[in-house]
Amino acid sequence: MGAVFFYHLTDSPLEATLPMLIGKARGAGWRVLVRGRDEALLRLLDDVLWQGPEDGFQPHGMAGGPHDADQPILLGDVPSDGFGCVMSVAGADVTADEVNALERACILFAGHDDAALEHARGQWKTLTDAGCAAQYWAQDGGRWTKKAEKGS
């Protein structure tokens, strides 16, 4: 049974935070799905991952290619089957069933966007009401700090 971690982005943009979290997930041995509904954003994140530091390169691909099942990191709006971790960006939903089947789900949301905050609060309520363990992380002077935890 997994857990969902909410990341409230206030100091660092998604383009800086996502590669760091992907590195941690891959370090844990998890296959990662970056789920988003905005194709332009996913293409931007694809570019960010390609342009990352050479010593920290993360092999990945965009969903819809011939080798999706072989990608250690896949970007797209696809089911989470076969992944250890789903990272939701830009309001892409994650279900309680998925959280329970995964090692980890991460929901990354823009801290200065009222609509993103409301959507994340709704996801927190839906997932914790369904019995999912959850943690809320926020940036404090550039450092990530766990601000809340619910469930085990």
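Here, the structure is the one placed above.
Colleague: For this particular structure, what's the right way to read the pairing of strand β7 (residues 133-140)?
Modeller: Put simply, side chains in a regular strand alternate between the two faces of the sheet. The buried fraction of β7 amounts to six of the eight residues, a majority that puts the element mostly inside the structure. The pairing of strand β1 (residues 3-9) with β7 spans six bridges and is classified as parallel. Considered in β7, the bridge of F6 is made with Y136. Relative to strand β8 (residues 143-150), β7 runs antiparallel, the two sharing seven bridges. In the sheet register, A134 faces β8, and the bridge partner there is K150. Between β7 and β8, which pair antiparallel in sequence order, lie two residues; one of them, G141, sits at a positive phi of approximately 65 degrees.

Colleague: Teacher, can you tell me more about the pattern of salt bridges here?
Modeller: Think of it this way: side chains of opposite charge can pair up when their charged atoms draw near. Counting across every chain of the model gives six salt bridges. For R121, the salt bridge identified is with E118, shortest N-O distance 2.7 Å. Here E118 and R121 lie together in helix α4 (residues 114-129), a separation of three residues that amounts to about one turn.

Procedures and definitions
- Residues numbered from 1 in each chain as written.
- Predicted model: local features only at pLDDT ≥ 70, side-chain atom pairs only at ≥ 80, totals over all residues.
- Heavy atoms only, no water.
- Buried < 20%, exposed > 50% of the residue type's maximum accessible area, 1.4 Å probe, protein only.
- Helix = DSSP H or I, 4+ residues; strand = E, 2+ residues; numbered from the N terminus.
- Pairing = 2+ DSSP bridges.
- Salt bridge = Lys/Arg side-chain N within 4 Å of Asp/Glu carboxyl O.

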